[in-house]
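Chain by chain, the residues run as shown.
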Amino acid sequence: MNITHASFVTLPVSDQDRALRFYADVLGFEVTADLDLPQGRWLQVAPKGAQTVFTLAGPGMGGFEPGSARGIMLVTTDVDADCARLTEAGIAVTGPEGRPWGRMASFADPDGNGLMLLTEAHH
């Protein structure tokens, strides 16, 4: 096996424009692709410099159920500051709380896809 990294993670959404506003304006992700393809709009976003991007897959881009993605872990340098920003933006956040591996919090995008934030513990 010669796998080096994950190319993209699919986030099923019901409204790509609404999802884009959340991922770009609230989370600060950059648009890495926005193409009109025969089967629909191919829209991808990612944190600046990330190897793995997120495909905001709208209706028609496969048999995905909007809001069905879970357990997407986003690593941050300051989970507490990011949680404060999410709360200011009207996003419900659970946490942050300490774990042996770091401080974690969880929240959802407008479609209900489950996301987590982690500031890793330094040992």
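Since the structure is predicted, the reported quantities are computational estimates derived from the model, not experimental observations.

Draft legend 1. Region of interest: the pattern of salt bridges. Counted under the stated rule, the structure contains six salt bridges. Two residues, Arg18 and Asp111, come together in a salt bridge whose shortest N-O distance is 2.9 Å. Of the two residues, Arg18 is situated in helix 1 (residues 16–26) and Asp111 in the loop between strand 7 (102–108) and strand 8 (114–120); the sequence distance between them amounts to 93 residues. Residue class for Arg18 comes out partly exposed when judged on its relative accessible area of 30%. Note that Glu30 is salt-bridged to Lys48, the shortest N-O span being 3.8 Å. In this pair, Glu30 sits in strand 2 (residues 30–37) while Lys48 sits in the loop between strand 3 (40–46) and strand 4 (53–57), placing the two residues 18 residues apart along the sequence. Residue Lys48 is classed as exposed on the basis of its relative accessible area, which comes to 70%.

Draft legend 2. Quick look at the sheet that holds strand 3. With mixed pairing, the four strands of this open sheet are ordered in space as 1-4-3-2. The sheet terminates laterally at strand 1 (8–12) and strand 2, the two strands that pair on one side only. Going across the sheet, the axis of each strand differs from the next one's by a mean of 25 degrees, ignoring polarity.

Draft legend 3. Quick peek at the side chain of Asn113. On the secondary structure map, Asn113 appears in the loop between strand 7 and strand 8. At 3.4 Å, the side chain of Asn113 and the backbone nitrogen of Gly67 are in polar contact. A polar contact is formed between the side chain of Asn113 and the backbone nitrogen of Ser68, at a distance of 3.3 Å. Sequence-distant contacts of Asn113, defined by excluding residues within four places in its chain, comprise Leu11, Pro12, Val13, Gly67, Ser68, Ala69, Arg70, Phe107 and Ala108.

Draft legend 4. Spotlight on unusual backbone geometry. Following Gly95, the chain continues into Pro96 via a peptide bond in cis, with omega recorded as 5 degrees. Secondary-structure assignment places Pro96 in strand 6 (residues 94–99).

Draft legend 5. Spatial organisation of the packing of aromatic side chains. Summed over all chains, the structure comprises five aromatic pairs. Centroid distance Phe8 to Trp42: 5.5 Å. Interplanar angle 85 degrees. Geometry classified as edge-to-face. A residue pair is termed long-range when its members are at least 10 positions apart, and Phe8 in strand 1 and Trp42 in strand 3 qualify at 34 residues. Its relative accessible area of 22% is what places Trp42 among the partly exposed residues. Taking the centre distance of 5.8 Å and the plane angle of 25 degrees together, the rings of Phe29 and Phe54 count as stacked. Here the residue Phe29 occupies a position in the loop between helix 1 and strand 2, and Phe54 occupies one in strand 4, the gap between them amounting to 25 residues.

Draft legend 6. Expanded view of the pairing of strand 8. For strand 8, the buried fraction is high: five of the seven residues fall into the buried class. Both strand 5 (residues 72–75) and strand 8 contribute to a ladder of four bridges, which runs parallel. Each bridged residue has a counterpart across the sheet, and for Met73 the counterpart in strand 8 is Met116.

Criteria and thresholds
- Residues numbered from 1 in each chain as written.
- Predicted model: local features only at pLDDT ≥ 70, side-chain atom pairs only at ≥ 80, totals over all residues.
- Heavy atoms only, no water.
- Salt bridge = Lys/Arg side-chain N within 4 Å of Asp/Glu carboxyl O.
- Helix = DSSP H or I, 4+ residues; strand = E, 2+ residues; numbered from the N terminus.
- Buried < 20%, exposed > 50% of the residue type's maximum accessible area, 1.4 Å probe, protein only.
- Pairing = 2+ DSSP bridges.
- Axes fitted to C-alpha atoms, helices over the stretch in contact; angles between N-to-C directions.
- Polar contact = N/O pair within 3.5 Å; in protein donor to acceptor, adjacent residues only side chain to side chain.
- Contact = heavy atoms within 4.5 Å.
- Phe/Tyr/Trp six-rings, centres within 6.5 Å; stacked < 30°, edge-to-face > 60°.

Nothing here speaks to function; it is all geometry.
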